[in-house]
Structures are given as C-alpha cells and as structure tokens.
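So you can see what is in the structure, the chains are spelled out below.
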Amino acid sequence: MAPTTGPRVEVLCAQAGEALAERASRYGVADVLAGIVAAAERGEVSEADLDLLDSAFARHGIDNLTRAHRGFEPWKGARDVVVTAWVCPTSACTRAATDERPFCRLTGRPFRETRIDL
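Conventions adopted
Residues numbered from 1 in each chain as written. Predicted model: local features only at pLDDT ≥ 70, side-chain atom pairs only at ≥ 80, totals over all residues. Heavy atoms only, no water. Salt bridge = Lys/Arg side-chain N within 4 Å of Asp/Glu carboxyl O. Helix = DSSP H or I, 4+ residues; strand = E, 2+ residues; numbered from the N terminus. Buried < 20%, exposed > 50% of the residue type's maximum accessible area, 1.4 Å probe, protein only. Expected span 1.5 Å × (residues − 1). Contact = heavy atoms within 4.5 Å. Phe/Tyr/Trp six-rings, centres within 6.5 Å; stacked < 30°, edge-to-face > 60°.

Examining the pattern of salt bridges
Consideration 1: Taken as a whole, this structure holds 7 salt bridges when the rule is applied.
Consideration 2: A salt bridge links D54 to R8, with the shortest nitrogen-to-oxygen separation between them at 3.0 Å. Highlighted residues: D54 in helix 4 (residues 47–58) and R8 in helix 1 (residues 6–15), separated in sequence by 46 residues.
Consideration 3: The partner of E44 in a salt bridge is R42, and the shortest N-O contact between them spans 3.1 Å.
Consideration 4: By relative accessible area, R42 is classed as exposed at 53%.
Consideration 5: In the salt-bridge network here, residues are joined through shared partners; they are R8, E47, D51, D54 and R67.

Section: helix 4
Consideration 1: Spanning 12 residues, helix 4 covers 16 Å between terminal C-alpha atoms, matching the ideal 16 Å at 1.5 Å per step.
Consideration 2: Turning to helix 4, the residues buried within the fold contact helix 1, helix 2 (18–26) and helix 3 (30–42).

Looking at the packing of aromatic side chains
Two aromatic rings are characterised by how far apart their centres lie and by the angle between their planes.
Consideration 1: Counted by the stated rule, this structure contains 1 aromatic pair.
Consideration 2: Judged by centre distance (5.0 Å) and plane angle (80 degrees), the rings of Y27 and F57 are edge-to-face. Of this pair, Y27 sits in the loop between helix 2 and helix 3 while F57 sits in helix 4, placing them 30 residues apart in sequence. With respect to class, Y27 is no different from F57; both count as buried.

Quick word on unusual backbone geometry
Consideration 1: Notably, N64 is not glycine yet its phi reads approximately 55 degrees, a positive angle.
Consideration 2: With respect to the helices, strands and loops of the structure, N64 is situated in the loop between helix 4 and strand 1 (82–87).

Remember, this is a structural readout, not a statement about activity or role.
What follows is the structure, encoded as structure tokens:
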C-alpha cells in the first residue's frame, strides 16, 4: 500500500460498516467503495479512488471522509431521520420554513411539503 493511502484507508476502515455502505449507495458511489474494499484486500488502494469517495460524500456535507482530521460516524440509534420542510409552492422563490407551514403572500397558496433524508 502506498504511504499516502495507508493512513486514509485506516480512517476509512474505522468508519466502515452498514451505515457507510448505505450512504455510499445513496450517493452513487457504492461501486467506488466496493472497488476500494477489493483493492484493500490486495493491499493496493489508489488515491484517485479515495478522492472519488471523498468528493461524493463532500457533495452531501460529509467532508474529508478518508482524512484523519474529520470523518463520518453513523448516528447512534435510529437510522431513518427525516426532516420535513415547506418550500415555495411554485418554486418561484427560495423561501423555505421548517417550523410552521407558511403561505405564499403573492399567490395565497400554501407552501408544499418536502422531506429531506439525513
């Protein structure tokens, strides 16, 4: 294993498990994670693959997945966390709310519900 990837694989290894695999699948990089696992079995993980995995997770707010100074840890307890929010009913503006369902002051229509999986 290259000296530059060994520490990153160590960080990834400590976070590996069902929750990480589920997130990789949700973020469209399950194949990259599977490739890293296969390469780790051979002792030759590429930095490019680790960078691809990091980038995919970063697009979803999890920075530096394979770096020692920050990582992903599965939440304790329930895994299905959903936040409900309300957004503009016509998508004409960026107004949103999470506490009460507002109405559009221009059209009088109630905001539409959106759900965000965390």
